[in-house]
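# Architecture at a glance
These are the residues of each chain, in order.
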Amino acid sequence: MDTQPDADVNKVADEKLQAARLGGPEKYRQRQLDSGKLLVRDRLERLLDPGFRVEDGLLARFEQGLPGDAVVTVIGKIAGRTVCVIANDFTVKAGTWGHKTFEKITRMQDVALEIGAPLIYLIDSAGARIDEQFESYAGRRAWGNIFFNLVKLSGKVPQLCALFGPSPAGSAYVPALCDLIVMVEGQSTAYIGSPRMAEMATGEKVTLEEMGGARMHSTTSGLGDVLVPDEVEALAVLRRYLEFMPSSWQGDPPVVAARPPAPHRPIAEIVPERENLAFNMHELVAAIVDEGSFLEMKALWARELITGFARIEGRGVGVLANNSRIKAGVLFPDSSDKAARFVWLCNAFGIPLLFLQDIPGFMVGSAVEKQGIIRHGAKMLFAVCEATVPRIAVMVRKAYGGGYLAMSGSPTAPSAVLALPTARPALMGPAAAINAIHAKRLEAMADLDERRRFVMEKQSEYSAEVDVFQVASDNSVEAVVPGDELRAELASRFEIYCRRPAGRQERRNGVYPV
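Residues numbered from 1 in each chain as written. Predicted model: local features only at pLDDT ≥ 70, side-chain atom pairs only at ≥ 80, totals over all residues. Heavy atoms only, no water.

Looking now at the pairing of strand 3 (residues 81-88). With 6 of its 8 residues buried, strand 3 lies for the most part within the structure. Bridge analysis of strand 2 (residues 71-78) against strand 3 gives 8 bridges, and the strand direction is antiparallel. From the neighbouring strand, Val72 faces strand 3, where its bridge partner is Ala87. Hairpin connection from strand 2 to strand 3: 2 residues lie between these consecutive antiparallel strands, with Ala79 at a positive phi of about 55°. Pairing of strand 3 with strand 4 (residues 119-123), which is carried by 4 bridges, proceeds in the parallel orientation. Residue pairing for strand 4: Cys84 is matched across the bridge by Leu119. (Buried < 20%, exposed > 50% of the residue type's maximum accessible area, 1.4 Å probe, protein only. Helix = DSSP H or I, 4+ residues; strand = E, 2+ residues; numbered from the N terminus. Pairing = 2+ DSSP bridges.)

Below, the structure written as structure tokens:
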């Protein structure tokens, strides 16, 4: 019996496989390149380690002229660690979702959960196909399962998204439900309704960039975490982010070889003693963490609070720091949301937290009350209080009022609260305190010079009483640490606190503030 394979059959198979890997027709591939975008498989080559890749559904709908049904789903490695990837192919029907697209996406989501691997979405899609809605929209097995799975995977495996093109209407919730959203300036867009739909519904005339562009989402809406100039940088950010993440919530975050901080001025020179003198908090962060390790999240949004990942002696930590150069570092509704989400993210994947406090408090006034500062501030406080990862707070300067609590103050049961000699712990600052204590007396003073002298005298007296060493004497902080010893102190304490088993809250879930 002849068992030799038919050479013609193998040749046909090779040709079909090669054609499927090309994606859409040549004119669409060239249009993609002419627009400055990479082809989907070029993105995968730059993202994944060479030499290891398993692909599912390559030939899905190939015979109908829709290779892969506009999505590539693969399992590969990044820095030697297994990852799952779902990548839209815009050269095939503009990367839109059909029924087989849905099947491939949800299958790869299931695989990521089954094997405990990070899941990466490379998004470049015009959304769902209206002409396939009746088999893909309303049933229990339908496009909406993609979002259900995103929520089911949340906090179990890292979910990363790089947005290379459009993500309109319902598909915009894919990036919104991911842990990380990287957007390419001038190229990424996400919106519920297009400018044309907005004009039809409301009469508003707006450009696509104004409606849902990368810069808008990175500076105004807060959707974008990292804004990059091109696709190559976007892919590099995905790889770098994964360096801080375990493969799943049940693993430990990677620890790498330690590096000293970048050359810097002494911390005593970086941090001014005067509480109302703004300084560069990024410079302080750089003086504490391993050189080149800081990866900032939402750097262009709610800039009064700095959030990002860094390393201290090789150990990854999540950093939250008040930025006195922006709005005096006061917490607003957006910065409260920014903090809450970052704390929840770090807690989900076992990443210890470092809070650098220079906090005057939450913003006051009718405008922020109408914006819901209480609700948003409660969200931040909730996230901090329920976090079970090791967390250390450092009183850098101001540590006032409710802002002190939201920034992991001692009553929220952190692993430790440390203080620099410049720390100023108090219920409120001198100006607000004197105004509150002596309000009636000040109102009765008709002489403005007399009032000014009185205020200065009382503020001076109040300031003299705000003494970090008195707080330490009352055992309200674990230690007062000179600036040049802070990094070593943090490294030692994180090494100790990270030895304890990770805790969990025993309840279904809290009732989260909205």
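On we go.
Next up on the list: empty space enclosed by the protein. In the structure shown here, the tally under the stated rule is 3 cavities of 30 Å³ or more. If you add up the space inside the largest cavity, you get close to 100 Å³. Contributing to the lining of the largest cavity are Ile86, Asn88, Trp97, Ile105, Tyr121, Leu122, Ile123, Ser125, Ile146, Ser167, Ser171 and Val174. The set of elements that each furnish at least two residues to the lining of the largest cavity consists of strand 3 and strand 4. At 3 residues, the largest contribution of residues to the lining of the largest cavity is made by strand 4. When its volume is computed, the second largest cavity comes out at roughly 70 Å³. The biggest single contributor to the lining of the second largest cavity is helix 14 (residues 333-348), with 4 residues. Taken together, the residues of the lining of the second largest cavity sort by class into 3 nonpolar, 1 polar and 5 charged. (1 Å grid on protein atoms, 1.4 Å probe; cavity = no way out; pocket = protein on both sides within 12 Å on 5 of 7 lines; lining within 4 Å. Points joined across faces, edges and corners; volume = space filled by probe spheres on them. Nonpolar A, V, L, I, M, F, W, Y, C, P; charged D, E, K, R; others polar.)

Looking at the assigned domains, one finds that the protein contains domain 1 (7-242), domain 2 (267-427 + 467-497) and domain 3 (430-465). With 20 residues of domain 1 at the interface, the matching set in domain 2 holds 15 residues. For the pair domain 1 and domain 2, the two sides together bury roughly 1,300 Å², of which 56% comes from carbon and sulfur. Contact with domain 2 buries area across many residues of domain 1, yet Asp225, Arg240 and Tyr241 alone supply 39% of it, more than any other trio. Connecting domain 1 to domain 2 are 1 salt bridge. With a shortest N-O distance of 2.9 Å, Lys298 and Asp225 are connected by a salt bridge. The tally of links from domain 1 across to domain 2 stands at 7 residue pairs in polar contact (both at pLDDT 80 or more). For the side of domain 1 that touches domain 2, the secondary-structure elements that each account for two or more residues are helix 10 (214-221), strand 9 (226-228) and helix 11 (231-242). Per-element accounting of the side of domain 1 that touches domain 2 gives the leading share, 5 residues, to helix 10. Its residues assigned to classes, the side of domain 1 that touches domain 2 comprises 8 nonpolar, 7 polar and 5 charged. (Domains from an automatic or database assignment. Contact = heavy atoms within 4.5 Å. Buried area = accessible area lost by both parts, 1.4 Å probe. Salt bridge = Lys/Arg side-chain N within 4 Å of Asp/Glu carboxyl O. Polar contact = N/O pair within 3.5 Å; in protein donor to acceptor, adjacent residues only side chain to side chain.)

Take the sheet that holds strand 7 (residues 180-184) next. Taken in spatial order, the 7 strands line up as 1-2-3-4-5-7-9 in an open sheet, and their pairing is mixed. The outermost strands of the open sheet, each flanked by one partner alone, are strand 1 (53-56) and strand 9. Across the sheet, the mean angle separating the axes of adjacent strands is 20° when strand polarity is ignored. Relative to strand 5 (residues 159-163), strand 4 is paired through 5 bridges, and the arrangement is parallel. When the sheet's bridge partners are listed, Ile123 is paired in strand 5 with Leu163. (Axes fitted to C-alpha atoms, helices over the stretch in contact; angles between N-to-C directions.)

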